[in-house]
Amino acid sequence: MWGKNWRSIRMLSACLPSKNQVTSESVHGANLAAKWMSCDVCIEENKVCGCQHSSTEGFKGTVNDTDVERHQESNSSFAHAVINMIGMLIGLGQLSTPYALENGGWASAFLLIGLGITCAYGSHLLGKCLDKNPKSRNYTDIGQQAFGTKGRVIAAIFIYMEIFMALVSYTISLHDNLSTVFLGMHLKVPSLNLSTSQLLTVMAVLVALPSLWLRDLSSISFLSSGGIFMSLLIFATVACTAISGAVKANQPIPVLKLDNIPAISGLYIFSYAGHIVFPDLYKAMKDPSKFTKVSIVSFTLVTMLYTTLAFMGAKLFGPDVNSQITLSMPRHLTVTKIALWATVLTPMTKYALEFAPFAIQLEHKLPQSMSSRMKMIIRGSVGSILLLCILALALSVPYFEYVLSLTGSLVSVSICIILPSTFYLKIYWAQVTKPLLILNVILIALGALLGVCGTISSSKSLLKSIGRAH
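Since we're looking at a predicted model, the values are computed, not measured. Each residue is numbered by its place in its chain's sequence as written, counting from 1. Residues qualify for local features only when their pLDDT is at least 70, as the model is predicted, and side-chain atom pairs are given and counted only at 80 or more; totals for whole chains, interfaces and linings, by contrast, use all residues. Remark: hydrogens and water are excluded; side-chain values derive from all non-hydrogen atoms of the structure.

Trainee: Tell me what's going on with the packing of aromatic side chains, and back it up with residues and numbers.
Mentor: Note on aromatic pairs: the rings of Phe, Tyr and Trp (six-membered ring only in Trp) are paired at centre separations within 6.5 Å, and the planes decide the class, stacked below 30 degrees, edge-to-face beyond 60, tilted for the rest. Considering all chains together, one arrives at 8 aromatic pairs under this definition. Chaining the aromatic ring pairs together yields one cluster made of Y272, F278, F299 and Y306.

Set out below in structure tokens:
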């Protein structure tokens, strides 16, 4: 997807199917696969491509504006846009908020809230950049608008890094929760030197592997359409644990642990990562002028959920809270079993969606004369190899909190804070007022500081954990 039109990135979101409505998807079946051409809009709509593409399609490829208007109606309401944005924000990151609060102290909640405000502002800036040039339709287009080809490449690299590292984190989470779900089970394969939990993870990934061979992206997005439901379900199970009295919420929370702030800042930032798809939300709105209000409402609700969950988990489990809240809950409770299965099923439905941009870009690079069957074999094989590499990495480095923190500090802080402010200043340089200039420079500096300190801290912790394991 380096430099390619990022309309296809919307498939990363369970809440962003064709025309932003699950009910509007039309599944045509495998017999249309051979007729699909390299048009991202048509691929998303599951239609035979009849567009007239510009001659510049390729590294800087775009779809003709009239074709986009013909294929996609901007019919997303304010409420629908809010639901979609919340669906992109809540997910894996919420599992670690109680752990982050306990390790950073209750005062670190101000950092969580502050980062929520900052990331909401980053979303607003992306909308402003799209306002400036209607032809920009995605995150990498904004990068190109600001700094040309270099900006597009830099944006794409960070996006790919975030997707890859997030998939590693998903697989680690799958491993950790599977080992708890099947606690007491003993599996052994003589020729493989793998533990029971590792074998269970391998089997789960192998079960999900065939989904990478699917060409019908609408059926893939349907697998993950319950993303918000799963996240709210996990929140509800933690709340039920507190309300039922099964665990007394009387654990003290320290005021502030300054030494841990760099590491937990990465966990907090990752929780707000979703900006790579926000341009698609903007373009899908009936009234894009309300995009800033959508960002404010969405980030406010998500920040409230994160803060509430963080305090609930920290008060329930105190210093013993796990980096994934589901692993701290009493195992005999029914709500715990529900939470664990929800956490297990979520990564298995994410793989195909997260790989969709890679698959589409790879297919664009293949010769059009190649048969659809051969394209499917190449696409599926490459996706399978990448997923197996991610599996091997996740099993080799099964340290959820450190990998998640590293992802937030190394990648997400750039996508959510640094790049939006940088792109905005470059695009609006002639019109930027002095207060806005100072504000954005401060945000870039703070983002860089958190990113560098967080990357160093989480990398050291990760290396120490690997060293102790070996």
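Trainee: Give me the pattern of salt bridges: which residues, what numbers.
Mentor: When a carboxyl oxygen of Asp or Glu is within 4 Å of a side-chain nitrogen of Lys or Arg, the pair counts as a salt bridge. Here the structure, examined in full by the defined rule, presents 1 salt bridge. Of the charged contacts, one joins D141 and R152 as a salt bridge, the two residues approaching to 2.5 Å between their closest N and O atoms. Of the two residues examined, D141 and R152, each falls in the buried class. Each residue's exposure class comes from its accessible area (1.4 Å probe, protein chains only) as a fraction of the maximum for that residue type: buried when under 20%, exposed when over 50%, partly exposed otherwise.

Trainee: Which residues make up the packing of helix 6 (residues 139-181) against helix 7 (residues 196-208), and what values go with them?
Mentor: Running from N to C, helix 6 and helix 7 cross one another at 125 degrees; their axes reach a closest spacing of 9 Å. Judged by the inter-axis angle, helix 6 sits oblique to helix 7. Seen along the crossing, helix 6 lies across helix 7 with a hand that is right-handed. Side by side, helix 6 and helix 7 meet where T171, L174, H175, L178 and S179 of the first sit next to S197, Q198, L200, T201, A204 and V205 of the second. Of the residues that constitute the contact of helix 6 with helix 7, the class distribution is 5 nonpolar, 6 polar and no charged. Axes here refer to lines fitted to C-alpha atoms; in helices the fit is confined to the stretch in contact. Angles between the N-to-C directions go from 0 to 180 degrees. A run of H or I in DSSP counts as a helix once it spans at least four residues, and a run of E counts as a strand once it spans at least two, with each numbered from the N terminus. Angle categories are assigned with fixed cut-offs, so that under 35 degrees is roughly parallel, over 145 is roughly antiparallel, 65 to 115 is roughly perpendicular, and the rest are oblique. In a left-handed crossing the near helix is turned counterclockwise from the far helix by less than a right angle, and in a right-handed crossing that turn is clockwise. Contacts are assigned to residue pairs with any non-hydrogen atoms lying within 4.5 Å of each other. Basically, the charged four are Asp, Glu, Lys and Arg, the nonpolar ten are Ala, Val, Leu, Ile, Met, Phe, Trp, Tyr, Cys and Pro, and anything else, Gly included, counts as polar.

Trainee: Break down helix 12 (residues 291-317) for me, with residues and values.
Mentor: Helix length check: helix 12, at 27 residues, gives a terminal C-alpha distance of 38 Å against a target of 39 Å (1.5 Å per residue), a fit within 8%. One or two residues past the end of helix 12 sits G318, with phi positive at roughly 55 degrees. A helix is expected to span 1.5 Å multiplied by its residue count minus one.

Trainee: Could you give an account of a nonpolar patch on the surface, naming the residues involved and the relevant values?
Mentor: A contiguous nonpolar patch, built from W106, F110, V255, L256, L258 and F311 and spanning about 630 Å² of accessible area, is present on the exposed surface. Along the chain, F110 falls in helix 5 (residues 109-132). Residues qualify for a patch when their relative accessible area is over 30% and they have no salt bridge, like charges being joined within 9 Å and the nonpolar side chains of Val, Leu, Ile, Met, Phe, Trp and Tyr within 5 Å. Here the accessible surface of atoms and residues is derived via Shrake-Rupley with a 1.4 Å probe, and residues count as covered only by protein chains that are part of the display.

Trainee: Requested: an account of the nonpolar core, with residues and values cited.
Mentor: Grouped together as the largest cluster of nonpolar side chains are 110 residues, with contacts concentrated most on M85, Y139, Y272, F278, F299, Y351 and F423. A total of 15 residues in this core trace back to one element, the largest contributor, which is helix 15 (residues 400-427). When near neighbours in sequence (up to four residues on either side) are disregarded, F423 contacts C129, Y139, I142, G143, A146, F147, G151 and A155. The criterion is simple. A nonpolar core is a set of buried Ala, Val, Leu, Ile, Met, Phe, Trp, Tyr and Cys residues joined through side-chain atoms within 4.5 Å.

Trainee: Please set out the confidence of the model for the chain residue by residue, giving values where relevant.
Mentor: Mean pLDDT for the chain: 81, with 81% of residues reaching 70 or above. Across the chain, each position has a pLDDT score giving the predictor's confidence in that residue, from 0 to 100. The element-level mean pLDDT for the chain is lowest in helix 1 (residues 40-45), coming to 38, with helix 5 highest at 96.

Trainee: Please set out the side chain of T407 residue by residue, giving values where relevant.
Mentor: As for its placement among the helices and strands, T407 is situated in helix 15. Setting aside chain neighbours within four positions, we find T407 in contact with M165, A166, S169, F270 and S412.

Trainee: Before we move on, can you summarise the side chain of S173 with the specific residues and values?
Mentor: Residue placement: S173 occurs in helix 6. Among the residues examined, S173 registers a relative accessible area of 0% and is labelled buried. Beyond its immediate stretch of four places on either side in the chain, S173 contacts L92, L95, Q324, T343 and F400.

Trainee: Any chance you could break down helix 3 (residues 78-89) for me, citing the residues and the numbers?
Mentor: Since one α-helical turn is 3.6 residues long, residues separated by three or four positions face the same way. The end-to-end C-alpha distance of helix 3 is 17 Å, a good match for the 16 Å that 12 residues give at a rise of 1.5 Å each. Regarding helix 3, the residues found buried are A81, V82, N84, M85, I86, G87, M88 and L89.

Trainee: An account of the packing of helix 15 against helix 16 (residues 434-469) is needed here, citing residue identities and associated values.
Mentor: Contact geometry for helix 15 and helix 16: axes closest at 8 Å, N-to-C directions at 165 degrees. By the angle between their directions, the pair helix 15 and helix 16 is classed as roughly antiparallel. The two elements helix 15 and helix 16 meet at a crossing, and its hand is left-handed. When its residues are assigned to classes, the contact of helix 15 with helix 16 shows 17 nonpolar, 13 polar and no charged.

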